[in-house]
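Summary of the model geometry
Listed here are the chains, written in short residue letters.
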There are 2 protein chains.
Amino acid sequence: MQMSVAELLQSENFLHDVTIKGWVRTFRANRFIALNDGSTINNIQCVVDFENTDENILKRITTGAAVSLSGTLVESQGKGQRVEIEVKNIEILGDSNPEEYPIQPKKHSFEFLRENAHLRVRTNTFSAVMRVRSALSFAVHKYFTENGFYNFHAPIITGSDAEGAGEMFRVTSMDPKNPATDENGEIDYSQDFFGKETNLTVSGQLEAETYAMALSKVYTFGPTFRAENSNTTRHLAEFWMIEPEVAFNDLDANMDLAEDFIKSVIKYILEHCKDDLVFLDERFTKEEQSKPQLERSDMSLLEKLNFVAENNFKRVTYTEAIDILRNCKPNKKKKFQYIINEWGADLQSEHERFLVEKHFKCPVILFDYPANIKAFYMRLNDDGKTVRAMDVLFPGIGEIVGGSQREERLDVLKEKIKALDIDEKELWWYLDLRKFGTAVHSGFGLGFERLVQFSTGMGNIRDVIPFPRTPQNAEF
Amino acid sequence: MQMSVAELLQSENFLHDVTIKGWVRTFRANRFIALNDGSTINNIQCVVDFENTDENILKRITTGAAVSLSGTLVESQGKGQRVEIEVKNIEILGDSNPEEYPIQPKKHSFEFLRENAHLRVRTNTFSAVMRVRSALSFAVHKYFTENGFYNFHAPIITGSDAEGAGEMFRVTSMDPKNPATDENGEIDYSQDFFGKETNLTVSGQLEAETYAMALSKVYTFGPTFRAENSNTTRHLAEFWMIEPEVAFNDLDANMDLAEDFIKSVIKYILEHCKDDLVFLDERFTKEEQSKPQLERSDMSLLEKLNFVAENNFKRVTYTEAIDILRNCKPNKKKKFQYIINEWGADLQSEHERFLVEKHFKCPVILFDYPANIKAFYMRLNDDGKTVRAMDVLFPGIGEIVGGSQREERLDVLKEKIKALDIDEKELWWYLDLRKFGTAVHSGFGLGFERLVQFSTGMGNIRDVIPFPRTPQNAEF
């Protein structure tokens, strides 16, 4: 019977005749193969009867080689494992020349592994990260499905350029050397594939609103894009975003949803990814120990995950946050790069981190931001100067969620659009939602890779997505 | 207590004080509101005490208006529903001017609704289609998760152009009027965002293979793109594709997986989308009745779904299929547009439909195709002229799955690449998989929208995705 490593390690039945296929992690003493097939972080020990095995076969059992082993599952005599395989037959499926194979059983730098992104998932760290990523992805779909949401696929190529969430990539099938032009020498997009200028989406929100205003509860989970020259550990040019949108939800209900959702998916991985998280927890702790005392995390990875799952997020208005920041030590001692002097200032990462990591020491939801630092579609409060925006801030990550109650009043929305010099015609369909059966509604966007970063303790966002896209990098 | 229409219609408790928010579908006799909130295809009847209701409120209860109704859930006295709401309080949330609202309670053409794609999901047909689409999407994730697969997000922007599955869209942030050029006047992509020419992916398969060769069982579910000028009812420029990839699976196991997977997701919607499928079944039957007798489907929608869920797919080699086609009536009578004369011919949609709909009358898996009509990465059979390719053909849809066992032998793969004039350097990472621990592996791609078409009985692929992208069309 062919079984996976995960199945064998959990098996209650010994003396099974089994076949197992996987890749050699290590081979020591010409006897002990540590075999892995990606089904779990753990290897299974396979004991070779080297005295009765062809030496030419033994030589080919090297790190990275693919093998098929048949034998008996027995209780292990050695320490460190409950079960092992007594190997009766070895078939080498694919060799791996140890002189050439880049992934050796030693610590490789993450920079080196990024250059070998096609092989890095064969390491413990990356296989654990990607299994947790996969589990988080399923937890997202499960949460929304169980709570009456419909999945909605927002368009990736968009002819709408009014959202203004960031710089966009152009999508075209025109000849770059000889693009069609009109009589004024301008690019004639009517001759491009879609008959107009098109870009890669920066958010599916506006389209998701059209579906929320019919199905009540919807969510998107798809790729989004920013053509920004940001070479940081927190930015990607291509990343996956989760965007729920709910009719009849006000901002309070929106905060409840964000908090409940995040707690639910964290609980899911705590329950389903124990082995991977224990491994990543140890890795995280070692990594933290190499940092200066002051920069170290107070909690281990597992402590952080449990903390988020079990504690309420602190909800604070922007105005309260400004008061705290204005009077805090780093502001008074001018330790912040951007000193907070007055209401209206845009918060920088350093301020968000102070609030979360030093002041409140828990996830924080900031809300009711000044209107002029937030997007046009956010609902204006009665004070006329703040909008019903919210950001969820996480320790070590900063902003993980940005959301709002949407402006549902046609006249107010039209004024906003006018003030921003956006052509109303561009948004005719978005305005229609306010003309026909408008209602209070809210939603948010959660950057999936930031959630994976938080959940796995990985410091660089490029290490939590299989093939990262960043400025000057689209290899593979 | 605020409840959804779906919850209320299933409620066992009467005399509930409830609040319900949704959109008016119809309002008749100044008394009966049919209210829908998208949680189900069914409306809830809400009975207004019109004698004690302000006439100005009554006037505003029009099709498409958003309302909040409070009242008591009671057993219905009338026919056609088990329960209804005795309305005590009406709040108009958002008006809908009946002179302007495009979605009236009458039959609209699909063409008209496509132009109003932001509102069409407020109709019975499109809300049913999109709920089934959402359920299918969840069924996909559920099937793979329960069967030990990891979800893998393939890159959308790709620097790799060797796959050759079709024409690609270019992704750029260069100024289209003044692109950077080199000394020879050629476009200098080193100055574009990614430092090289980049395109939208046509398939995540090659990248998925890198993950299968470490995690054993992976799948992608993401958007893919074709810049082809195909104005048909079966093609989109942007569509979602599901691509499982499994180490150690040969073509037989690949066929088993495809068949089991498709049956599983169909069974899921038969169980979870009963009301929507009953509605779509009636719609399908009506639509079929308007067709000439000869073109009508033998089965109703529900019969087709049950048939697929319960019957084995017929597995036939390409060579057998050619024999059948060469000797069939439409070929001999020259009724086919493309007459099948000899082995090696590429099968057209008319041939596939004949095999599925007339000859076998069930889903068919064709396999072992001639090498020269299939992609370079498919495993060459020992006959030296066929490859381990497979296509799953469905009635009414044609090809719904295309897959293969992959060429795992480095030398054979290199020869194929050379013969096609592909630069080996372009595929260095793909070849690495054959250098280091190679093994038999297989996978397939399933076009999600074709699955939704089949599952909902919709004739045009533009009507099963929220905002379709096709030549000359990227509105919304």
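The shown structure was predicted, so the numbers you read here are calculated from the model rather than taken from an experiment.

What counts and how
- Residues numbered from 1 in each chain as written.
- Chains lettered and ligands numbered in written order.
- Predicted model: local features only at pLDDT ≥ 70, side-chain atom pairs only at ≥ 80, totals over all residues.
- Heavy atoms only, no water.
- Axes fitted to C-alpha atoms, helices over the stretch in contact; angles between N-to-C directions.
- Helix = DSSP H or I, 4+ residues; strand = E, 2+ residues; numbered from the N terminus.
- Parallel < 35°, antiparallel > 145°, perpendicular 65-115°, else oblique.
- Left-handed = near helix turned anticlockwise from the far one by under 90°.
- Contact = heavy atoms within 4.5 Å.
- Nonpolar A, V, L, I, M, F, W, Y, C, P; charged D, E, K, R; others polar.
- Buried < 20%, exposed > 50% of the residue type's maximum accessible area, 1.4 Å probe, protein only.
- Pairing = 2+ DSSP bridges.
- Expected span 1.5 Å × (residues − 1).
- Least-squares fit on C-alpha atoms with pLDDT ≥ 70 in both.
- Phe/Tyr/Trp six-rings, centres within 6.5 Å; stacked < 30°, edge-to-face > 60°.
- Lys NZ or Arg CZ within 6 Å of the ring centre and 35° of its normal.
- Core = buried A, V, L, I, M, F, W, Y, C linked by side-chain atoms within 4.5 Å.
- Salt bridge = Lys/Arg side-chain N within 4 Å of Asp/Glu carboxyl O.

We now examine the packing of helix H4 (residues 124-146) of chain B against helix H14 (residues 448-456) of chain B. All names here are of chain B. Axis separation between H4 and H14 bottoms out at 10 Å; the angle between their running directions is 125°. Judged by the angle between their axes, H4 and H14 are oblique. For H4 against H14, the interelement crossing comes out right-handed. In this structure, H4 contributes Val129, Val132, Arg133, Leu136, Ser137 and Val140 to the contact, and H14 contributes Phe448, Glu449, Leu451, Val452, Ser455 and Thr456. Across the contact of H4 with H14, the residue classes break down as 7 nonpolar, 3 polar and 2 charged.

Residue and element names in this part refer to chain B. Where burial is concerned, the two faces of strand E3 (residues 44-47) agree: the one with Ile44 and Cys46 and the one with Gln45 and Val47 are both buried. In this sheet, E3 lies alongside strand E2 (residues 32-36) in antiparallel orientation, the contact comprising 4 bridges. Looking across to E3, one finds that Phe32 is bridged to Val47. Looking at chain direction, E3 and strand E5 (residues 83-94) are connected through 2 bridges and run parallel. Bridged to Val47 within E5 is Glu86.

Turning to helix H5 (residues 205-215) of chain B, a few remarks are in order. Residues and elements named next belong to chain B. Burial runs high along H5: 11 of the 11 residues are buried. Within H5, the full set of buried residues consists of Gln205, Leu206, Glu207, Ala208, Glu209, Thr210, Tyr211, Ala212, Met213, Ala214 and Leu215. One or two steps after H5, the chain reaches Ser216, where phi turns positive at roughly 70°.

Time to look at helix H11 (residues 349-360) of chain B. Residues and elements named next belong to chain B. Given a rise of 1.5 Å per residue, 12 residues ought to cover 16 Å, and the 15 Å separating the end C-alpha atoms of H11 matches this to within 8%. All of the buried residues in H11 are His351, Glu352, Phe354, Leu355, Val356 and Phe360. In this structure, the buried residues of H11 make contact with strand E12 (314-317), helix H9 (318-326), helix H10 (329-332), strand E13 (364-370), strand E14 (386-394) and strand E15 (398-405). A positive phi of about 55° marks Lys361, the residue just after H11.

Our next topic: the sheet that holds strand E1 (residues 16-28) of chain A. Around the barrel, which closes on itself, the 5 strands sit in the order E1-E2-E3-E5-E4 (chain A) with mixed pairing between neighbours. Taking each pair of neighbouring strands and ignoring which way they run, the sheet shows an average axis angle of 55°.

Comparison of the two chain copies shows a relationship of rotation about an axis with a shift along it. Each copy superposes on the other: chain A lies on chain B with an RMSD of 0.0 Å after a rotation of 180° and an axial shift of 0.0 Å. This pairing of chains is accounted for by a two-fold axis. Closest to the rotation axis within chain A is the C-alpha of Val171 of chain A, separated from it by 2.5 Å. Of the residues that chain A buries at the interface, 100% are likewise interface residues in chain B, meaning the two copies contact each other through the same surface.

All names here are of chain A. Taken together, the 8 strands give an open sheet; going across it, the order is E6-E10-E11-E16-E15-E14-E13-E12, and neighbouring strands pair in mixed fashion. Looking at which strands have only one partner, the edges of the open sheet turn out to be strand E6 (150-151) and strand E12 (314-317). Examined bridge by bridge, strand E13 (residues 364-370) and strand E14 (residues 386-394) share 6 bridges and lie antiparallel to one another. Following the sheet pairing, Pro370 is matched in E14 by Thr386.

In this section: the packing of aromatic side chains. Scanning the entire structure with this criterion turns up 59 aromatic pairs over all chains. Seen from their ring centres, Trp429 of chain A and Phe476 of chain B are 5.9 Å apart, and the 75° between their planes marks the pair as edge-to-face. Placement of Trp429 of chain A in helix H13 (residues 428-435) and of Phe476 of chain B in the segment after H14 is noted, with the two residues assigned to different chains. The class for Trp429 of chain A is buried, based on a relative accessible area of 1%. We classify Phe476 of chain B as buried; its relative accessible area is 4%. Put simply, the rings of Phe152, Tyr211, Phe376, Tyr377, Trp428, Trp429 and Tyr430 of chain A together with Phe467 and Phe476 of chain B touch in pairs and so form one group of aromatic residues. Taking NZ or CZ as reference, Arg434 of chain B lies 4.1 Å from the ring centre of Tyr430 of chain B, over its face.

For soluble globular proteins, the rule of thumb is that nonpolar side chains tend to be buried together. In this structure, Phe169, Phe261 and Ile262 of chain A together with Phe169, Phe261 and Ile262 of chain B are the most contacted members of the largest nonpolar core, which totals 263 residues. Contacts of Ile262 of chain B, omitting those with residues within four sequence positions, involve Val308, Phe313, Val392, Phe394, Val401 and Leu446 of chain B.

Residues and elements named next belong to chain A. Counting across every chain of the model gives 44 salt bridges over all chains. Arg353 is the salt-bridge partner of Glu357, the closest N and O atoms lying 3.0 Å from each other. Residue Glu357 and its partner Arg353 are located together in helix H11 (residues 349-360), separated by 4 residues, close to a single helical turn. Exposure remark for Arg353: the relative accessible area of 40% places this residue in the partly exposed category. The shortest N-O distance in the salt bridge between Lys374 and Asp391 comes to 3.3 Å. One end of the pair, Lys374, is in the loop between E13 and E14; the other, Asp391, is in strand E14, and 17 residues separate them in sequence. Look at Lys374 and you get partly exposed, because its relative accessible area is 23%. A relative accessible area of 5% places Asp391 in the buried class. Here the salt bridges share partners, and the residues they tie into one network are Asp256, Glu259, Lys263 and Arg315.

Residues and elements named next belong to chain B. Checked against the element boundaries, Asn331 lands in helix H10. Between the alpha carbons of Asn331 and Arg315 there is a distance of 22 Å; along the sequence they are 16 residues apart. Filtering out sequence-adjacent residues up to four positions away, Asn331 remains in contact with Leu325, Arg326, Phe336, Tyr338, Ile339 and Ile340.

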